[in-house]
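Observations on the three-dimensional arrangement
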Amino acid sequence: MKLQSRHLIGLEGVSADEISLILDTAVSFREIIERPIKKVPTLRGITVLNLFYEPSTRTKISFELAEKRLSADSITFTKAMSSVKKGETLKDTVRNIEAMKINMVVVRHGSSGVPYFLTQCMDSNIINAGDGSHEHPTQALLDMFTIRQKYGKLKGLRVVLIGDVKHSRVVRSNIWGLKTMGCSVAVCGPSTLQPYEVEKFGVDVYTDLDEALDGADVVNIMRIQLERQQSGFLATQREYTNLFGVTAERLKLLNKNYTVMHPGPMNRGVEITPEIADGKSSVILEQVTNGQAVRMAVLYLLSGKREDGE
Ligand code: CP
C-alpha cells in the first residue's frame, strides 16, 4: 500500500486505506518520540523547505522537529525576513529556493490554492500546512489519530465540529477525513459563519449547540478567528460565547467517555472555558504531541514518492 499522490494538498479525495496507512505509520513514529534519543536516519539526504507566509506555532515547530527527528536537512522561510519584502513573487521565490536543491516543501499561506499552485511550478513534494480557508490536512490527520488512540476506532463515532465553519480549513479537512473513515459528522455555529449549502458536505448542520452536542462522542472546538470578525459575521463576541461557548453544563449532553479537542490557538473564555481546556476529558496537548508523529509519517511516506525516483 502506498499513497496515490506525491503531494498532500488536502484530504478531499484521499481514500480510507491511505488515511489508515498514514495513521498506522504514525503509531511507530509516536513510539520513537517517546525514546530518550528521538532520532532515526529515515530522511537522511533529503532537504525540506518550511515555507511559512502566515504565523504558526504548533504546525511550524511540529514540522521542524519532525524533519530533525527524521534526520532531514531543513530550512525555514519566513516572509517578514525575505525578499518578498522587496516585491519578489511567490513563484520566483520558490523557484530560486528550489534551485538550491531541495526535495520537499511544507507550505502555509493565507490564500487557498497556493499548495496546489506550487505543485504546478516546482518538482518538490508539496505538503499543505494550511491554505486560506481551504484545508489543513495534517491537523485533521492528527485529530483522527488522537480520536483513534482513545477509542481504538473511528467508524461509528459521532464528532461535532463547533465554530467558524465558514473560515475554518481545519473543519473542512476534518469533514473529509472523518466522513471517509466512517464517522458521523455534525457542524455547529452561527448561520453567518456557515458556508453556503454546507449540507452538501454530507454533515448534519446545527445552529443550536445543545442540539448538536446531544449524544456526541467527540467535540472539536474551533477558534473564533477574531482577525476576521470586522466583517459583521458576529453580533458580539459575548453573544458568541453565550450561544456557542462550550461549558461544563453543556458537556453533560455528550455521551459518557466524551472527548474535548481544540486545534489551537485557543481563545480561552470565548469558545472554551479554561476549566474544560485543562480538564480531564481534554486531549488538546495530546493532539500536539501526536501531530509530530503524524507529520513524520507524512514526510516519510511522501519521500518515497519523489520525482527523481531516488
Ligand atoms: N493548529 C494550528 O494550525 O496551529 P498553528 O497556527 O499554531 O500552527
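Focus on the packing of helix 1 (residues 16–32) against helix 11 (residues 284–303)
At a closest axis distance of 8 Å, the pairing of helix 1 and helix 11 adopts a crossing angle of 110 degrees. Here helix 1 is positioned roughly perpendicular relative to helix 11, judged by the angle of their axes. Note that helix 1 runs across helix 11; the crossing there is right-handed. Contacts between helix 1 and helix 11 involve L21, I22, T25, A26, F29 and R30 on the former and, on the latter, E286, T289, N290, A293, V294, M296, A297, V298, Y300 and L301. Broken down by class, the residue content of the contact of helix 1 with helix 11 amounts to 11 nonpolar, three polar and two charged.

Considerations on the pairing of strand 8 (residues 218–221)
The two faces of the sheet receive side chains in turn, since in a regular strand these alternate between them. Neither face of strand 8 is left uncovered, since the one carrying V218 and N220 and the one carrying V219 and I221 both have all their residues buried. Direction of pairing for strand 5 (residues 158–162) relative to strand 8: parallel, over a ladder of four bridges. Following the sheet pairing, V160 is matched in strand 8 by V219. Relative to strand 9 (residues 259–261), strand 8 runs parallel, the two being bridged by three bridges. Along strand 9, the bridge assignment pairs N220 with M261.

Looking at the side chain of S124
Relative to the helices and strands, S124 resides in the loop between helix 4 (114–121) and strand 4 (125–131). Overall, the relative accessible area of 1% leaves S124 in the buried class. Side chain to side chain, S124 and E98 meet in a polar contact 2.6 Å long. Among all residues touching S124, those that are not within four sequence positions of it are R6, H7, E98, I102, N103, M104 and V105.

With respect to the sheet that holds strand 5
Strand order in this open sheet of five strands is 7-6-5-8-9, and the pairing throughout is parallel. In the strand order of this sheet, the two ends are held by strand 7 (204–206) and strand 9, each with one partner. If you compare each strand with its neighbour and ignore which way they point, the axes differ by 20 degrees on average. Note: strand 6 (residues 184–188) against strand 7, three bridges, orientation parallel. Bridge pairing in strand 7 links C188 to Y206. Here helix 5 (residues 137–151) sits on the sheet in contact with strand 5, strand 8 and strand 9, set at roughly 165 degrees to strand 9.

Overview of the domain arrangement of the protein chain
The domain architecture assigned to the protein chain consists of domain 1 (16–136 + 288–303) and domain 2 (137–284). Once you take the C-alpha centre of each, domain 1 and domain 2 turn out to be 26 Å apart. Facing the 29 residues of domain 1 at the interface are 27 residues of domain 2. For the domain 1 and domain 2 pair, buried surface summed over both sides reaches about 2,200 Å², with 59% attributable to carbon and sulfur atoms. At the junction of domain 1 with domain 2, the criterion picks out two salt bridges. Here R169 ties to E54 by a salt bridge, and the two come within 3.0 Å at their closest N and O atoms. Our count for the domain 1 to domain 2 interface comes out at 14 residue pairs in polar contact (both at pLDDT 80 or more). Mapped by element, the contributors of at least two residues to the side of domain 1 that touches domain 2 are helix 1, helix 2 (58–69), strand 3 (104–109), strand 4 and helix 11. Broken down by element, the side of domain 1 that touches domain 2 gets its largest block of residues, nine residues, from helix 1. Classifying every residue of the side of domain 1 that touches domain 2 gives 11 nonpolar, 10 polar and eight charged.

Parameters and conventions
Residues numbered from 1 in each chain as written. Predicted model: local features only at pLDDT ≥ 70, side-chain atom pairs only at ≥ 80, totals over all residues. Heavy atoms only, no water. Axes fitted to C-alpha atoms, helices over the stretch in contact; angles between N-to-C directions. Helix = DSSP H or I, 4+ residues; strand = E, 2+ residues; numbered from the N terminus. Parallel < 35°, antiparallel > 145°, perpendicular 65-115°, else oblique. Left-handed = near helix turned anticlockwise from the far one by under 90°. Contact = heavy atoms within 4.5 Å. Nonpolar A, V, L, I, M, F, W, Y, C, P; charged D, E, K, R; others polar. Buried < 20%, exposed > 50% of the residue type's maximum accessible area, 1.4 Å probe, protein only. Pairing = 2+ DSSP bridges. Polar contact = N/O pair within 3.5 Å; in protein donor to acceptor, adjacent residues only side chain to side chain. Domains from an automatic or database assignment. Buried area = accessible area lost by both parts, 1.4 Å probe. Salt bridge = Lys/Arg side-chain N within 4 Å of Asp/Glu carboxyl O.

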